[in-house]
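The chain contents come next:
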Amino acid sequence: MDRLSLNQATVKRATVAEAVEGCVRHGIGSIGLWREPVADHGLERTAKLVADAGLRVSSLCRGGFLTAADNRAALDDNRRAIDEAAALRTATLVMVVGGVAADKDLVGARQRVADAIAELSGYAAGAGVTLALEPMHPVFCADRGVLSTLAQALDLAERHPSVGVVVDALHVWWDPDLDAQLVRAGPLIASYQVCDWLTPVPADVLLGRGYPGDGAIDLDRLTRRVAATGYAGDVEVEIFNAAVWAADFDEVIAEVARRYRDLVEPAL
């Protein structure tokens, strides 16, 4: 299970140290970290903790939120995020680009994202970090991600050095053009994330992620197509779910490992 990564959001109540210990205990090779708990633990301490445990950092989440009319503060924060990713020895900074701004100008919001990525890509290249643009399901367009398709993310990524894309099963599985866009993505895939789409959708749609195998996504088919692109990186299990968060996190990590071993790994 060396390619399995536990995204820290899956065990939201666990500290960095507890999440790292859980990965080691269950034979998981890497961890996807989030900036806020890393800040709580300390950046240098976290980097040392992960290295001493023999783990990789598959990604750091998150940069982005670049759609405000005046995004100078966001640009500064993204430069800090790039520096943090480099300090953690991960080449992947996940970019959640942001939703529609107060002016409701969707076209303008997407242009502001494009302008910001153009400005940040050189800084990322100098740090050895890839800005991994995460296209998000259209239901999140208003508040989290104005890039709604893999094609839109690739249109930006192809223009700049050190910019790639995230293929997150929850966000891309519905796309009728997905197969063609995965072929196009090829070496630009910086991260592959898996979970499942649950129905009925909860009142807070953000929390509608389930364990692989519990929902509507054909993960076997999707994983085989990602593997066919030549992607050989880590596979993160990222679950936002109130019941999963409330459960014993060691049991959650064990279940993540089991689902990966049984349902995802055979397709790689």
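Please refer to the structure placed before this passage.
Residues numbered from 1 in each chain as written. Predicted model: local features only at pLDDT ≥ 70, side-chain atom pairs only at ≥ 80, totals over all residues. Heavy atoms only, no water.

Peer 1: Just to check I follow, could you spell out the environment of aspartate 196 for this structure?
Peer 2: Topologically, aspartate 196 is positioned in strand β8 (residues 196–197). Those residues in contact with aspartate 196 that sit more than four places away from it in its chain are Leu170, Gly208, Arg209, Gly210, Tyr211, Pro212, Gly213, Asp214, Gly215, Ala216 and Ile217. Within polar-contact distance, the side chain of aspartate 196 engages the backbone nitrogen of glycine 213 at 3.0 Å. A polar side-chain atom of aspartate 196 sits 3.2 Å from the main-chain amide nitrogen of aspartate 214. (Helix = DSSP H or I, 4+ residues; strand = E, 2+ residues; numbered from the N terminus. Contact = heavy atoms within 4.5 Å. Polar contact = N/O pair within 3.5 Å; in protein donor to acceptor, adjacent residues only side chain to side chain.)

Peer 1: Is there a simple way to explain helix α9 (residues 219–228) in this structure?
Peer 2: Since the α-helix turns once every 3.6 residues, residues separated by three or four places project in the same direction. When we look at burial in α9, the residues that qualify are Leu219, Leu222, Thr223 and Val226. Each buried residue of α9 sits inside an arc of 95° when the element is viewed along its axis, so together they form one side. The elements touched by buried residues of α9 are β6 (163–168), α7 (169–172), α8 (178–185), β7 (189–194) and α11 (249–264). Phi for glycine 230, located one or two positions after α9, is positive at around 95°. (Buried < 20%, exposed > 50% of the residue type's maximum accessible area, 1.4 Å probe, protein only. Arc of directions from axis to C-beta.)

Peer 1: Sorry if this is basic, but what is going on with unusual backbone geometry here?
Peer 2: The bulk of non-glycine residues show a negative phi, and the bulk of peptide bonds are trans. Cis geometry is adopted by the peptide bond preceding arginine 62, which originates at cysteine 61 and carries an omega value of 5°. Along the chain, the position of arginine 62 falls in strand β3 (residues 56–64). Geometrically, the link from threonine 199 to proline 200 is a cis peptide bond, its omega value of 0° lying close to zero. Here proline 200 shows up in the loop between β8 and β9 (209–210). The residue serine 162 is not glycine, and still its phi comes out positive at about 60°. Summarising the element assignment, serine 162 is placed in the loop between α6 (150–157) and β6.

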